[in-house]
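# Reading the structure
Chain by chain, the residues:
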Protein chains: 4
Amino acid sequence: MSGNTFGKLFCVTTFGESHGPALGCIVDGCPPGLAIGEEEIQLELDRRKPGTSRYTTQRREADRVKILSGVFEGKTTGTPIGLLIENTDQRSKDYSDIAEQVRPAHADYSYWQKYGVRDYRGGGRSSARETAMRVAAGAIAKKWLKEKYGIRVRGYLSQLGPIAVEKLDWEQVDRNPFFCPDADKVPEMEAYMQALIKEGNSIGARISVQASAVPAGLGEPVFDRLDADLAQGLMSINAVKGVEIGAGFASVAQKGTEHRDEIAPEGFLSNNAGGVLGGISSGQDLIAHIALKPTSSLRIPGRSIDVHGNPIEVVTKGRHDPCVGIRATPIAEAMMALVLIDHVLRQRGQNGDTAPGVATVGR
Amino acid sequence: MSGNTFGKLFCVTTFGESHGPALGCIVDGCPPGLAIGEEEIQLELDRRKPGTSRYTTQRREADRVKILSGVFEGKTTGTPIGLLIENTDQRSKDYSDIAEQVRPAHADYSYWQKYGVRDYRGGGRSSARETAMRVAAGAIAKKWLKEKYGIRVRGYLSQLGPIAVEKLDWEQVDRNPFFCPDADKVPEMEAYMQALIKEGNSIGARISVQASAVPAGLGEPVFDRLDADLAQGLMSINAVKGVEIGAGFASVAQKGTEHRDEIAPEGFLSNNAGGVLGGISSGQDLIAHIALKPTSSLRIPGRSIDVHGNPIEVVTKGRHDPCVGIRATPIAEAMMALVLIDHVLRQRGQNGDTAPGVATVGR
Amino acid sequence: MSGNTFGKLFCVTTFGESHGPALGCIVDGCPPGLAIGEEEIQLELDRRKPGTSRYTTQRREADRVKILSGVFEGKTTGTPIGLLIENTDQRSKDYSDIAEQVRPAHADYSYWQKYGVRDYRGGGRSSARETAMRVAAGAIAKKWLKEKYGIRVRGYLSQLGPIAVEKLDWEQVDRNPFFCPDADKVPEMEAYMQALIKEGNSIGARISVQASAVPAGLGEPVFDRLDADLAQGLMSINAVKGVEIGAGFASVAQKGTEHRDEIAPEGFLSNNAGGVLGGISSGQDLIAHIALKPTSSLRIPGRSIDVHGNPIEVVTKGRHDPCVGIRATPIAEAMMALVLIDHVLRQRGQNGDTAPGVATVGR
Amino acid sequence: MSGNTFGKLFCVTTFGESHGPALGCIVDGCPPGLAIGEEEIQLELDRRKPGTSRYTTQRREADRVKILSGVFEGKTTGTPIGLLIENTDQRSKDYSDIAEQVRPAHADYSYWQKYGVRDYRGGGRSSARETAMRVAAGAIAKKWLKEKYGIRVRGYLSQLGPIAVEKLDWEQVDRNPFFCPDADKVPEMEAYMQALIKEGNSIGARISVQASAVPAGLGEPVFDRLDADLAQGLMSINAVKGVEIGAGFASVAQKGTEHRDEIAPEGFLSNNAGGVLGGISSGQDLIAHIALKPTSSLRIPGRSIDVHGNPIEVVTKGRHDPCVGIRATPIAEAMMALVLIDHVLRQRGQNGDTAPGVATVGR
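These numbers come from a predicted model, not from an experiment.

This part is about the overall build of chain A. Along its length, chain A carries 10 helices and 19 strands. Against the 2.2 N^0.38 benchmark of 21 Å for 363 residues, chain A shows a C-alpha radius of gyration of 21 Å, consistent with a compact globule. In terms of principal-axis extent, the alpha carbons of chain A reach across some 65 × 50 × 40 Å. For chain A, with 363 residues in total, the buried portion stands at 71%. Summed over its atoms, the accessible surface of chain A is roughly 10,600 Å², and 50% of this surface lies on carbon and sulfur atoms. Taking the average location of the 43 positive side-chain charges in chain A and that of its 44 negative ones, the two points are 3 Å from each other.

If you want it as structure tokens, here you go:
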């Protein structure tokens, strides 16, 4: 398959460039009978929308999503769902000056090497704008998981540059522009961001995502493990450089007696596994963490070359997030939801009603 | 697709339980004309084989691989290559006692929940033994990549529990049982492992893999990015809990000016990206790191339940690696090779000879 | 994968109901650098458009296609191409009366059984209207095949009910509303259709498609044979009930000496194989034939049931083709083009430049 | 995917050359809990085995199948099932003389063009011997379909060259070497075959396959229709040149009033559709017919070329079926079973328990 489809049974295929006429996607394989409307999808889109705070790009994206098919009288019909977002704020002129530039840490060089041509306007296909469609498709997946099995997917910012959160208060997450679950850290983050903006620099971030009420039995070893598919989905998000499940890299220094999650008749006594054993969900919360690199568009000059190989100095003008990680939370949630729904459908299809896990899923 | 096939054009499908009659795989999509023999594949298999040192399980695995198809007069024909390894050392009786146990941190619970039945002998399908076929298939991929494009895939142990390596001397890697590239650390590792064995405990590890001479232009955004497919491949290895590309989680605390790899006419000035920009190879070395959890089979008793939900105490007897990570290096290399060959074929097919990247690939 | 994507490397995913807001598709995997514009795609769409003659439904379909992504400065960029056609002529009221009817030989019953709900307006997803997007995607494939390898895909009506064509004059095909290559048969066909319309009945048809200048070596045995993929593609067209390659069903009564295509140094001496040997193209013209059933919407009453199981009498009102086959020629051409481009890309990727066939393809 | 895997959820991947060490396949995605043994698979293999009558090749094939994984204590575990058949009767010397010949109507030319190399011994991968693994995998699918849903897949020879059967008596099918359901035609067929053998010629055949008790709701429009996937599966069988569903090519000359299957409260009144409406099963018997070309290996000399392009005369010696169609019945049954089980799993996964069709399937 070409690279723009995600999922085996719940398949999301996206298209669209940052400054083309529109972005869109096809959600193929959504079960029939789910009540869904544009406004519900819009709510998720608005969570990732830029311009919501001074800490994110000021670019205005109306991002009004339209449902073009697959929904009849307010319910999914089982046929492919076409979603469309028109690009209202294109401003191509902003980008004409970078037509021949190869910006460091951007996809300019690799796209140009791969395709020989590229839509340089705002990064074209490699723009973070592409992730809007993931969030739209994820909104459908999230609703189905919630309605059908009570599965809930949530995420938060766990670290902003040097500032790590210490408390996980879900109530706080949507009350600040950082998706930060620790109210005490918000002022510190605001101060940090202001200094960063003045400096013209950017910073990385760590996002955590988890799903609760995940039935046991999801995942198809040995390659399509639940954690492996999750790793692909999360690593496919722009700027992500690392993925952890449960204890992640902390496992390196753990002894077996520390890491192993002991089991009592009433359940597991810890969750270093992050809810996955042997690539299959254990029924515990599914927990993942991702590392996002700092934004590559900086006001501080950087050395680079143009497409002819001449040395140039690159300085980014215009609207950019000093920390892409801030807006990544809804995107990471969407990818986890897409992985989960796909595996619920696969489990239901392949392992039917013969195993306890499926019985749970079939509930 | 079901979960036991890896790759889109270079497809590896595996089968086999730890204590069944045999393990095997089908390599479908290997280009014709590659000279390959059983002995070359055997060399890679021997690198991962247990029983090679006192720090790995003493189980004897003859692991003699047979080529059953797809190779004629010493060369691949383009038809599927069938590979088989017979299980010579089964010892099922060793495992009869755990038939009803749910061992902590093992796949017992999740397999049982998913399928309702399981081959409990030595972990059955969830045994690390399954990875032998990945190494066998990877040996074919490695040879093709080397012969056709000079791409070289290599790995090493970068951390054993608390002991991190400080030097990367490729010469050393195959000279010690740890795949450790830093000779000075070997005695420390040996002492650590001996204490661990005496204690009856286990430890985690960090493995690093890289590929050199990777052509620019590999990867199919936005979902089948080179780094995303690599993340899936590496996360699908038993015991892996985390994957990093380039700077990985260090990116979280990096500023844009630190992280971005500046470019001079003679090339990139650093490699925080790990050789991937926008999901496409940049022509720099492809660099990944993985975290492996400590072995779950311990002589130190642990609390758990049996399949009836009764509380039990689990104590592992018999032969087990105190550190699964030690043997993971050849497996990680194999997965990186499988991802690379698949993307070379995809790039060659889809983007043909129209882009500089492909021109390189087509060379 | 879900069922609305066709192709492995050149992937076409479609969406859209007959009377929803729009139809669309994503063409993922189109090689970069192809010059393509909306008007070229429109030309193919106009060939299948209804309302072009009194022998096809009088429904007006503006069918203006828009390119939403993947094309920059007139050329494909290698990123997914989004195509959209808005439904301008919906007339939902026409269909309200059939909301609870199960029309014989329509997909009403099976869709209802499968999904439990259905968009009954004009057949919803099962409407022949869906094929418009295949033709749009096929137009891109056709152009690439022609430009890159000189491959030409063409089709014609070979039989209309009892009237079989006797001459194949390509010049004639686009000069009559039937895509009939035999000018002498056109008056007979016109008379036949007029009688049929008066009668309120419909008729089946046979369409033939072929591709010239097909390089040898296309097709991936044993399952993804060129002829097998072609059979799937053609059988997936609405109303198709049979597919033949080359001599097709005539082979049943042929002796080996008749059927085998002998070979001379200057080439094959016949083409009963239809250009495929062992599932791989031989370099001869690729030839296929399809059987289309008569339209199911008739003015002559038929016995059926409603969704409650009560017996009803069904009479179709409104605009319908008395022969769906008439408009199927461009659709069949599109499917053959989609199969060919996919296999050219697969061959180029998988078998690279090591085989004569590929050398041809690589030319 | 490469070309040797069939199915999306119930995936069969095969390998093996006619004269290599062994043939094998991996059945990935078989639901757990199915009781299956080697002997049951063997029964199906014996039905297609050559050497069973004077009308088929006298080659001896022991064809003893071994189950290497995926079955524990007599039941499937949900993990991949490895199947192996060792080639006991290789006789490579028989074939050395054709190493450089390009035999008319064989895959010699196309394989050579595609891969540049080929295992010429007995046709290598293009030999009908490959179909043994389809029958083995099909046996598992057949048993599951029967046990789980009562679905029964059966086939018969409907025409041998000029001799068409007139009666369909299922009892007769396994009582003669032709799979002929019409006892009165058997003597005629025997006489015809004897004359053919004396003449050194071969003949085509028509095979019919059907499935009963098929639940409504199977098939994934618009591309992965049940009939489209069936067409691919059947066309992928060696020597097949045509596929029909229900009335097939007869539909061309049918009027709508003849073709449409009217419906009464008690069910459909005819079955021209062959059990598929809009690409989805209707609950009627699923009916398909295939055309097989005459064997290409003849004692009567034919004109051809060698791999150097020189004109040669080809005469086949050794053991060959004068009619490949005779042995195709079990193979066609296997392919229909593989398509059905895959779609049952897809329906169960994707459309769950929300639709009547699925309810049936879920029963």
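Next, the rest of the story.
Residues and elements named next belong to chain A. With respect to topology, 5 strands assemble into an open sheet ordered 1-2-3-7-4, the strand pairing being antiparallel. Strands with a single pairing partner mark the edges of an open sheet, and in this sheet they are strand 1 (5–6) and strand 4 (65–67). Here 5 bridges tie strand 2 (residues 11–15) to strand 3 (residues 22–28), and the two strands are oriented antiparallel to one another. Looking across to strand 3, one finds that Thr-14 is bridged to Cys-25. Taken strand by strand, helix 1 (residues 38–48) contacts strand 4 and strand 7 (81–86), and its axis lies near 150° from that of strand 4.

Quick look at the relation of the copies chain B and chain A now. Overlay of chain B on chain A (RMSD 0.0 Å): rotation 180°, translation along the axis 0.0 Å. Viewed as a symmetry operation, the transformation between the two copies matches a two-fold axis. Residue by residue, 100% of the interface of chain B is reproduced at the interface of chain A, so both copies engage with the same surface.

Here we take up the UniProt feature "binding site: FMN" (unreviewed entry) in chain A. In the UniProt entry, the feature "binding site: FMN" (unreviewed entry) is given for Arg-125, Ser-126, Ser-127, Asn-238, Ala-239, Gly-278, Lys-293, Pro-294, Thr-295, Ser-296, Ser-297 and Arg-319 of chain A. Tracing the chain through its elements places Ser-127 of chain A in the loop between helix 3 (108–115) and helix 4 (131–149). For Ser-127 of chain A, the contacting residues outside a window of four places in its chain are Ser-18, Gly-122 and Asn-238 of chain A. With respect to the secondary-structure elements, Asn-238 of chain A resides in the loop between helix 7 (226–235) and strand 12 (240–245). What Asn-238 of chain A contacts, discounting residues up to four positions off in sequence, is Ser-126, Ser-127, Ala-128, Glu-130, Thr-131 and Leu-292 of chain A together with Arg-225 of chain B. A distance of 2.9 Å separates a polar atom in the side chain of Asn-238 of chain A from the backbone oxygen of Ser-126 of chain A.

In this section: the pairing of strand 12 of chain A. Here is the key point about a regular strand: its side chains alternate between the two faces of the sheet. Residues and elements named next belong to chain A. Burial of strand 12 is extensive: 6 of the 6 residues sit out of reach of the surface. Both strand 12 and strand 17 (residues 286–292) contribute to a ladder of 5 bridges, which runs antiparallel. Its bridge partner lying in strand 17, Ile-245 is registered against Ala-288.

Next up on the list: the packing of aromatic side chains. A full pass over the atoms with the stated rule returns 30 aromatic pairs over all chains. Look at Phe-6 of chain A and Phe-223 of chain B: their rings are 5.4 Å apart centre to centre, the planes differ by 40°, and that puts the pair in the tilted class. With Phe-6 of chain A in strand 1 and Phe-223 of chain B in the loop between strand 11 (205–212) and helix 7 (226–235), this residue pair bridges two chains. Looking at Phe-6 of chain A, the relative accessible area reads 7%, which means it is buried. Overall, Phe-223 of chain B belongs to the buried group, its relative accessible area being 0%. Ring geometry for Tyr-109 of chain A versus Phe-268 of chain B: centroids 5.5 Å apart, planes at 90°, classification edge-to-face. A residue pair is termed interchain when its members come from two chains, as with Tyr-109 of chain A in helix 3 and Phe-268 of chain B in strand 14 (residues 267–268). Taking the relative accessible area as the measure of exposure, Tyr-109 of chain A reaches 18% and is therefore buried.

So, on to the pattern of salt bridges. Where charged atoms from two side chains of opposite charge approach closely, those side chains can pair. For the structure shown, the criterion picks out 94 salt bridges over all chains. The partner of Arg-303 of chain B in a salt bridge is Glu-262 of chain A, with the nearest N and O atoms 3.0 Å apart. Pair noted here: Arg-303 of chain B is in strand 18 (residues 302–306) and Glu-262 of chain A is in the loop between helix 8 (256–259) and strand 13 (263–264), and the two residues belong to different chains. Arg-175 of chain D serves as the salt-bridge partner of Glu-171 of chain D, at 3.9 Å between the closest nitrogen and oxygen. Assessed through its relative accessible area of 58%, Arg-175 of chain D is described here as exposed. Salt bridges sharing common partners tie together Glu-44, Arg-47, Lys-142, Asp-174 and Glu-333 of chain A.

Here the focus is unusual backbone geometry. Look at the link from Pro-221 of chain A to Val-222 of chain A: it is a cis peptide, with omega at 5°. Positionally, Val-222 of chain A belongs in the loop between strand 11 (205–212) and helix 7. Positive phi, normally seen in glycine, also occurs at Glu-73 of chain B, with a value near 50°. Within the secondary structure, Glu-73 of chain B sits in the loop between strand 5 (71–72) and strand 6 (75–76). Residues other than glycine seldom take positive phi values, yet Ala-239 of chain D does so here, at roughly 75°. Note on placement: Ala-239 of chain D falls in the loop between helix 7 (226–235) and strand 12 (240–245).

Cut-off values and rules
Residues numbered from 1 in each chain as written. Chains lettered and ligands numbered in written order. Predicted model: local features only at pLDDT ≥ 70, side-chain atom pairs only at ≥ 80, totals over all residues. Heavy atoms only, no water. Helix = DSSP H or I, 4+ residues; strand = E, 2+ residues; numbered from the N terminus. Rg over C-alpha atoms; globule rule 2.2 N^0.38 Å. Buried < 20%, exposed > 50% of the residue type's maximum accessible area, 1.4 Å probe, protein only. Areas by Shrake-Rupley, 256 points an atom, 1.4 Å probe, with all protein chains shown as cover. Lys, Arg positive; Asp, Glu negative; His and termini not counted. Charge placed at Lys NZ, Arg CZ, Asp CG, Glu CD. Pairing = 2+ DSSP bridges. Contact = heavy atoms within 4.5 Å. Axes fitted to C-alpha atoms, helices over the stretch in contact; angles between N-to-C directions. Least-squares fit on C-alpha atoms with pLDDT ≥ 70 in both. UniProt positions renumbered as here; feature names shortened; annotations may be inferred. Polar contact = N/O pair within 3.5 Å; in protein donor to acceptor, adjacent residues only side chain to side chain. Phe/Tyr/Trp six-rings, centres within 6.5 Å; stacked < 30°, edge-to-face > 60°. Salt bridge = Lys/Arg side-chain N within 4 Å of Asp/Glu carboxyl O.

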